[in-house]
Amino acid sequence: YGAWRFMHSNALGPGKGGIRFHEGVSEDEVKSLSFWMSLKTALMGIPLGGGKGGVKVNPKELNDSELQELSRAYARAFVDVIGVNKDLPAPDVYTNSQIMAWMLDEYEKIKGVKEPGMITGKPIELGGLKLRADSTSKGGFIVLKEFLEKIGKDKSEIKIAIQGFGNAGLNMAKMLDSDGFKIVAASDSRGGIFVEEGLDINSLVKLKEDRKSVVDSEGAKVSNSELLELDVDVLVLAALENQITEENVENVKAKYILELANGPVSSEGDEVLFSKEVVVLPDILANAGGVLVSYFEWANNN
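Calculation criteria
- Residues numbered from 1 in each chain as written.
- Predicted model: local features only at pLDDT ≥ 70, side-chain atom pairs only at ≥ 80, totals over all residues.
- Heavy atoms only, no water.
- Helix = DSSP H or I, 4+ residues; strand = E, 2+ residues; numbered from the N terminus.
- Buried < 20%, exposed > 50% of the residue type's maximum accessible area, 1.4 Å probe, protein only.
- Contact = heavy atoms within 4.5 Å.
- Areas by Shrake-Rupley, 256 points an atom, 1.4 Å probe, with all protein chains shown as cover.
- Pairing = 2+ DSSP bridges.
- Axes fitted to C-alpha atoms, helices over the stretch in contact; angles between N-to-C directions.
- Parallel < 35°, antiparallel > 145°, perpendicular 65-115°, else oblique.
- Left-handed = near helix turned anticlockwise from the far one by under 90°.
- Nonpolar A, V, L, I, M, F, W, Y, C, P; charged D, E, K, R; others polar.
- Patch = residues over 30% accessible without salt bridge, like charges linked within 9 Å, V, L, I, M, F, W, Y side chains within 5 Å.
- Salt bridge = Lys/Arg side-chain N within 4 Å of Asp/Glu carboxyl O.
- Lys, Arg positive; Asp, Glu negative; His and termini not counted.
- Charge placed at Lys NZ, Arg CZ, Asp CG, Glu CD.
- Polar contact = N/O pair within 3.5 Å; in protein donor to acceptor, adjacent residues only side chain to side chain.

Side note on the overall build of the protein chain
Along the backbone of the protein chain there are 10 helices and 12 strands. In terms of principal-axis extent, the alpha carbons of the protein chain reach across some 55 × 40 × 35 Å. Out of the 302 residues belonging to the protein chain, those deemed buried represent 54%. In the protein chain, the proportion of contacts linking residues at least 24 apart, taken out of those at least 6 apart, comes to 68%. For the protein chain, the exposed area adds up to about 13800 Å²; of that, 51% sits on carbon and sulfur atoms.

Section: the sheet that holds strand β3 (residues 19-22)
Pairing between the strands of a sheet is mediated by backbone hydrogen bonds and can be parallel or antiparallel. One open sheet holds the 3 strands; their spatial order is β1-β4-β3, and the pairing between them is mixed. Of all the strands in the sheet, just β1 (3-9) and β3 have a single pairing partner and so form its edges. Adjacent strand axes in the sheet meet at a mean angle of 15 degrees when their direction is disregarded. Looking at chain direction, β3 and strand β4 (residues 50-56) are connected through 4 bridges and run parallel. The residue of β4 that forms the bridge with H22 is K56.

Some remarks on the packing of helix α2 (residues 64-77) against helix α3 (residues 97-111)
It is at 8 Å that the axes of α2 and α3 come closest, and there the two elements cross at 45 degrees. In terms of orientation, α2 lies oblique with respect to α3. At the point where α2 passes α3, the crossing takes the right-handed sense. Residues D64, L67, Q68, S71, R72, Y74, A75 and R76 of α2 pack against I99, W102, M103, D105, E106, Y107, K109 and I110 of α3. Looking at the contact of α2 with α3 residue by residue, the classes come out as 8 nonpolar, 2 polar and 6 charged.

Some words on the packing of helix α5 (residues 167-178) against helix α6 (residues 201-209)
Contact pair α5 / α6: the axes reach a minimum separation of 10 Å and the direction vectors enclose 160 degrees. The orientation of α5 with respect to α6, classified from their angle, is roughly antiparallel. In this structure, the crossing between α5 and α6 has a hand that is left-handed. Contact with α5, carried on its side by L170, A173, K174 and D177, involves I201, N202, V205 and K208 of α6 and no other residues of that element.

Re the sheet that holds strand β9 (residues 220-222)
Overall, mixed pairing links the 7 strands, which are arranged β9-β8-β7-β6-β10-β11-β12 in an open sheet. In this open sheet, the two strands that pair with only one neighbour each are β9 and β12 (279-281). Neighbouring strand axes in the sheet, compared pairwise and without regard to direction, differ in orientation by 20 degrees on average. Alignment of strand β7 (residues 182-188) against strand β8 (residues 191-194), held across 4 bridges, turns out to be antiparallel.

Remarks on a negative patch on the surface
Negative charge collects at one region of the surface, where E246, E247, E268, D270 and E271 lie side by side. Inspection of the secondary structure puts D270 in helix α8 (residues 267-275). Accessibility expressed as a relative area gives 34% for D270, which makes it partly exposed.

Thoughts on the pairing of β4
Among the 7 residues of β4, 6 are classified as buried, and the element is accordingly described as predominantly covered. Where β1 and β4 come together, 6 bridges link them in antiparallel fashion. Its bridge partner being in β4, W4 is matched across the sheet by G54.

Section: the side chain of T41
Secondary-structure assignment places T41 in helix α1 (residues 27-44). A relative accessible area of 0% places T41 in the buried class. Side-chain polar atoms of T41 contact the backbone oxygen of L48, separated by 3.0 Å. Of the polar contacts made by the side chain of T41, one reaches the backbone oxygen of G49; its length is 3.2 Å. Residue contacts for T41: discarding those within four places in its chain leaves K16, I46, L48, G49 and V291.

As C-alpha cells, this is what we get:
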C-alpha cells in the first residue's frame, strides 16, 4: 500500500488533478500524471495547474465502510497540501462523486470551514455540476467529430472499436451510437466482444449496469490485446496507460486513435504510429472535457 499527492505546477493557478484508487498506482505514475495535468490545463486555457493523487489499493476488495475510511484517511493525510487555492483533487480511476463527498466532509471537519471548491466531481447536492458525470466522454466525442469533419470523413464509412467500458468508454459509446456511428468492438477488464455489423450499445450498457461484463454479450469474443489489432478506422483507448507499446504497435491497423485514457500509447509506440502516419488525438486534448467542467465547478463554488 501507499498514498501520494503531487503538485507539478501552480504557475497558472492551484494544482488540479484526480485521485485514483488502483493496485498499479506508484509514486512515479502519480508524478508523471501531475505533469500531464499541467499540460492539459494550460492547453485548455484555464487558470489551474497540474496535480495528481493516488492510492495503491484494489478498491474491488473493499466494502463501503472500508472505502469510506480510506477516503477520509486520504483527506486527513493531505489536508495541509490540498485546498481551494492550493491543489484541487477530483475523481479518477475507480473513484467517484461519493468518494469526493467523503473527502470534502473530512477536510471541512478538520479545517472547520465550508470549502466546497477544494474538490471537484462532487455530488450535485454538494455543489457538483450535472455536466461533470460524462464530461470526459463529451470532450472526446466533440474532438473526434471535429477531427473527422476536418478530414472529410463521413460517419457511414467509419468503424470504431472502444477499449475500456468504464465511465469514459461507456458514455463515449452511448454518444457515438446515438449520433449514428458504428461501433464494432468494445472491451472491459474481463475481455471484449466484436460484431462486424455493429454492436447493440443499449444492451451492452444495460449489461454493464447490471454489474456484468461486455463479454457476456452476443458476438465474437476478443481479448483486450486482440481488440487493439482489429481492422477498424478509429480506436478509442479508454482503459489504462501503455496499451499500445513497441511490442504490439506494428499490428495496429486503425488509422486514427483517440486517447480517452491518460497515456494509453507509450512514447516508443507513438514514434512508430507517427512513422506509419497514424493520427493520434492526444490525451491532453481528447480527455480534457473532465478538467474543463471541473474548472466550471470550482469557479461556481467560489
